[in-house]
Amino acid sequence: MKFFIVFFSFIWISFLATTNLCAQETYRNHKVTQGETIYSIAKQYGITETSIYKLNPDARAGISVNSILILPTASIEEVVISEFRNHRVKRKETLFSISQQYGITVDDLKKYNKFLYSDDLKKGDRLKIPQFKTSGGVIEGKEPTEEIVPDPKTSLHEVRPKETLFGIARKYGISVNELQEMNPNLKENLAVGSQLKVPATSFVDTATIEEDRYGFYEVQAKEGFYRLKVKLGLSEEEIVTLNPYAKDGLKEGMILKIPKKNSTEIIREVNKVDLSSHIKNASKKKIAVLLPFQLRSYDVDSLEANEDLLQRNRTLRIALDFYSGVLMASEFIKDKGISVDLRVFDTEGSSSALNEILNDNDLSNMDAVIGPLLSKNVELAASKLKNNDVPVFSPLTNRNLKLTSNLFQTLPDDQLLALAMIQYLKDNHAGKNVVLITDRTGTNKEAIKESIPSVRTLSPREAGFFYSGDIEGKLINNQENWVLLESTNPIVISNAIGLLNGMPKTYQIRLFTTAKNDSFEYDDVSNMHLSNLQFTFPSVSKTYTLDDKNAFLVSYKNEYGVYPNRFAVRGFDVTYDILLRLASADSIYESVESDGETEYIENKFHYEKKSLSGYTNQSFYILKYNQELQLEIVK
């Protein structure tokens, strides 16, 4: 009964409001001037295009200069605010660009966000966006359907097939952010034939980008020609030759054309930073954790059944271990004076359960979301939370992720690891005899040969075997021999490692790979052999030792009775890094702008934004087996 009373009251109030407005109805005239459209006139008076067409039906066929339109006053339009939408302010957004995005005025923004009267707009601010119910429906800030009217400082660019935001921005010598500022309703997928506002510049780079030879690079904050020389290996003269508009200097967001070889060899050296000594934001941190606990599978009455479930379900074990690390990080940050509001959800490992969580719970005010674990689910969560700019961290996967602007890939991808290893070999192979052993499963053969032209290659015989003489024929006696083993075939790997280990010591063999895959864990591959060969490889993490005497290791052992495995450590490292970033800046996005690398128990983090998408961790290790069968850090 109460529902019907409330509902009836709502209808009655709406009826009175509408009646009152009708009694105040007035109109005005507008004389059309050169370049005006129905859309621009509607925006000018704060009314809808629908209401103009309603009073001027002939305008649907077009309007001409000096014609007279009858317009309703804005008071006729506004009936009631139907709802509010949340918006988190992004970098470089202004009150004007936000008002344009949602089809409202700057005054509307200030009216419903009182702090804007006294404070400047800052990145990370959360705004309430009013949604007005009008005679033409609910205004939702949709794209204008009329043509874009440029001012004298701009011109129009018609999108051609296969053109991208990168390519268009580069053509006019501006950044992608500047292009998006000029076109606030711009969508990620450009429609062929659509028109964009661009600078009315005398210089337009019409050169065609040869995709097989050149790539794009977006200039980062505070980068100059010297820094790009170190980073890309290109001089100022070379950059300007390829990008003539850069002669007046570099600016953040500028798109540069660079040779593809340079674009794939960006391995940065960054400074270590201890975020715990830079805490300035002590507000409570709101963190959501999305993990596949699969609680429906638990049997509350049977300990034996639950133990069996844990034995059979590896994903569940990983989730529980990871979560134990999350809890420890939440406790550790309290010692820094930071409290945490941790909201934990069971995704059950399914997209449907995740969808239900995201639809039934408001996560728009979260400072960060950790998880889910599976690729498709973390993409779904990031996509759903993108409009509110909520950072989503993918904790355990780095493969084939579709990065949205709010998605953080905490594991460096395999390509970065391979490039890092190749760069290390390129920088240090002088005076060594470099041999590449590979089969058709080796994916980095061409990149290795391009970086080290003198490399000698060897492929296995049929069935994946070598004879001792096959390998010995590529080695040089009394000289260092660096051997790269590139394969995913366990037979090739075990056979090659066994033969290399049996070679005379005078060959001074050291073994490398650009990708340490599961085949290197094959039963026939001896760790002793790997130790003898000083096996060296890139890795997303290192391995802790009990000699570290780390407070986390001691606390974990005291809490759970065992030392943490790598998933528990990763749960701690990822979460503690996120919490410290939030405590040392106003938002995650601000924290990653600093050019520093953080390091914890087994993992380190340095996030860089990929153009037009999300953030990837660029930090990695190069590890080597030593004579004590332990892993030591080479780089």
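The shown structure was predicted, so the numbers you read here are calculated from the model rather than taken from an experiment. (Residues numbered from 1 in each chain as written. Predicted model: local features only at pLDDT ≥ 70, side-chain atom pairs only at ≥ 80, totals over all residues. Heavy atoms only, no water.)

**Quick notes on the overall build of the protein**
Spelled out, the test is: Secondary structure is summarised from DSSP: a helix means a run of H or I of at least four residues, a strand means a run of E of at least two, and numbering begins at the N terminus for each. Three labels apply to residues, based on accessible area from a 1.4 Å probe with only protein chains included: buried if under 20% of the type maximum, exposed if over 50%, partly exposed otherwise in between. Whether two residues are in contact is decided by their heavy atoms, any of which lying within 4.5 Å being enough. Each accessible area is a Shrake-Rupley estimate made with a 1.4 Å probe; only the visible protein chains count as cover when residues are assessed.
Per the secondary structure count, the protein includes 23 helices and 26 strands. The proportion of buried residues among the 635 residues of the protein is 45%. Across the protein, the fraction of contacts at a sequence separation of at least 24, relative to all contacts at a separation of at least 6, is 68%. Carbon and sulfur atoms make up 49% of the accessible area of the protein, which amounts to about 32700 Å² in all.

**A look at the pairing of strand β19 (residues 509-512)**
Our working rule: One requirement defines pairing of two strands: DSSP has to find at least two bridges between them.
Of the two faces of β19, both are covered, the one formed by I509 and L511 as well as the one formed by R510 and F512. In the sheet, strand β18 (residues 481-486) pairs with β19 via four bridges, with the strands oriented parallel. Within β19, the position partnered with W482 by the bridge is R510.

**A few points about the side chain of D389**
What counts, and what does not: Neither His nor the chain ends is counted toward charge; the positive residues are Lys and Arg and the negative residues Asp and Glu. For this document, the term salt bridge refers to a Lys or Arg side-chain nitrogen within 4 Å of an Asp or Glu carboxyl oxygen.
By the element assignment, D389 lies in the loop between α15 (375-385) and β14 (392-394). Despite being buried, D389 has no salt bridge partner; K90 is the closest side chain of opposite charge, sitting 4.6 Å away. Not counting residues up to four positions away in its chain, the partners in contact with D389 are R88, V89, K90 and Y589.

**Regarding the sheet that holds strand β23 (residues 607-609)**
Where we set the bar: The convention used is that axes are lines fitted to C-alpha atoms, helices contributing only their stretch in contact, and that angles between N-to-C directions extend from 0 to 180 degrees.
Reading across from one edge, β12-β11-β13-β14-β15-β24-β23 is the order of the seven strands in this open sheet, with mixed pairing throughout. Either end of the sheet is taken by a strand with one partner, and the two such strands are β12 (340-346) and β23. Ignoring which end each strand starts from, the neighbouring axes of this sheet average 25° apart. Both strand β13 (residues 368-370) and β14 contribute to a ladder of two bridges, which runs parallel. Note on β14: the bridge partner recorded for V369 is V392. Sitting on the sheet, helix α22 (residues 566-583) is in contact with β11 (285-291), β12, β13, β14 and β23, with an inclination near 155° to β11.

**Looking at the layout of surface pockets**
Quick note on the threshold: The way it works is a 1 Å grid over only the protein atoms, where trapped points that fit a 1.4 Å probe form a cavity and open points with protein on both sides within 12 Å along at least five of seven lines form a pocket, and then any residue with an atom within 4 Å of a point lines it. Grid points are joined across faces, edges and corners, and a volume is the space filled by probe spheres set on the points. We call Asp, Glu, Lys and Arg charged. Ala, Val, Leu, Ile, Met, Phe, Trp, Tyr, Cys and Pro are nonpolar, and the rest, Gly among them, are polar.
Put simply, the second largest pocket is a space of about 1700 Å³. Taken together, 45 residues form the lining of the second largest pocket, with R399, K516, D518, V540 and R566 sitting closest to its centre. Mapped by element, the contributors of at least two residues to the lining of the second largest pocket are α13 (314-332), α16 (414-428), β20 (536-539), α22 and β25 (621-625). The biggest single contributor to the lining of the second largest pocket is α16, with four residues. Its residues placed into classes, the lining of the second largest pocket shows 15 nonpolar, 19 polar and eleven charged.

**Describing the sheet that holds strand β22 (residues 604-605)**
With mixed pairing, the three strands of this open sheet are ordered in space as β10-β21-β22. Whereas interior strands pair on both sides, the edge strands pair on one side only; in this sheet they are β10 (271-272) and β22. Two elements, strand β21 (residues 596-599) and β22, share two bridges in a ladder whose sense is antiparallel. If you follow T598 over to β22, its bridge partner there is F605.

**Side note on the side chain of T575**
Stated formally: Whenever a nitrogen or oxygen atom comes within 3.5 Å of another N or O atom, the pair is scored as a polar contact, on the condition that within protein one atom can donate a hydrogen and the other can accept it, and that pairs from neighbouring residues in sequence are kept only if both atoms are in side chains.
Position of T575 relative to the elements: it lies in helix α22. Engagement of the side chain of T575 in a polar contact is seen with the backbone oxygen of G571, the distance being 2.7 Å. Contacts of T575, omitting those with residues within four sequence positions, involve V326, A329 and I370.

**Quick notes on the nonpolar core**
Proteins that are soluble and globular tend to have nonpolar side chains buried together. The cut-off we apply is this: The term nonpolar core refers to a set of buried residues drawn from Ala, Val, Leu, Ile, Met, Phe, Trp, Tyr and Cys, joined through side-chain atoms within 4.5 Å.
Residues I287, L291, F408, F552, F572, Y576 and I578 are the most contacted members of the largest nonpolar core, which totals 44 residues. When residues of this core are traced back to their parent elements, those giving at least two are β11, α13, β13, α21 (551-560), α22 and α23 (588-591). A total of eleven residues in this core trace back to one element, the largest contributor, which is α22. One finds I437, I497, Y507 and F535 within the second-largest nonpolar core, a separate group that totals 26 residues.

**Focus: the confidence of the model for the protein**
Operational definition: The predictor attaches a confidence to each residue, and that confidence, scored 0 to 100, is pLDDT.
Confidence in the prediction of the protein, expressed as mean pLDDT, is 82, and 86% of residues score 70 or more. A low-confidence stretch, residues 75-80 stays under pLDDT 50, and its non-local contacts, those more than four residues away or across chains, total 20 contacts. Throughout residues 135-150 the model reports pLDDT below 50, and contacts reaching past four residues in sequence, or to other chains, amount to 45 contacts.

**Focus: α13**
Convention followed: A helix's residues, less one, multiplied by 1.5 Å, set its expected span.
With 19 residues, α13 extends 27 Å from end C-alpha to end C-alpha; this agrees with the ideal 27 Å at 1.5 Å per step. Looking at α13, one finds that the buried residues are L316, I318, A319, F322, Y323, S324, G325, V326, M328, A329, S330 and F332. Turning to α13, the residues buried within the fold contact β11, α12 (303-312), β12, β13, α21 and α22. One side-chain oxygen at the N-terminal end of α13 lies 3.2 Å from the backbone nitrogen of T315; it belongs to N313.

**Side note on the environment of M528**
Take M528: it is sitting in helix α20 (residues 527-532). Classification of M528 as partly exposed rests on a relative accessible area of 45%. Taking the C-alpha atoms as reference points, M528 and Q627, 99 residues apart in sequence, are found 8.5 Å from one another.

**Structural notes on the packing of α12 against α13**
Put simply, the rule reads: Orientation labels follow simple angle bins: below 35 degrees gives roughly parallel, above 145 gives roughly antiparallel, 65 to 115 gives roughly perpendicular, and whatever is left gives oblique.
Remark: α12 packs on α13, axes separated minimally by 5 Å, with the N-to-C direction vectors making an angle of 95°. Comparing their axes, α13 and α12 come out roughly perpendicular. From α12, L309, L310, Q311 and R312 reach across to α13, where they touch R314, L316, R317 and L320.

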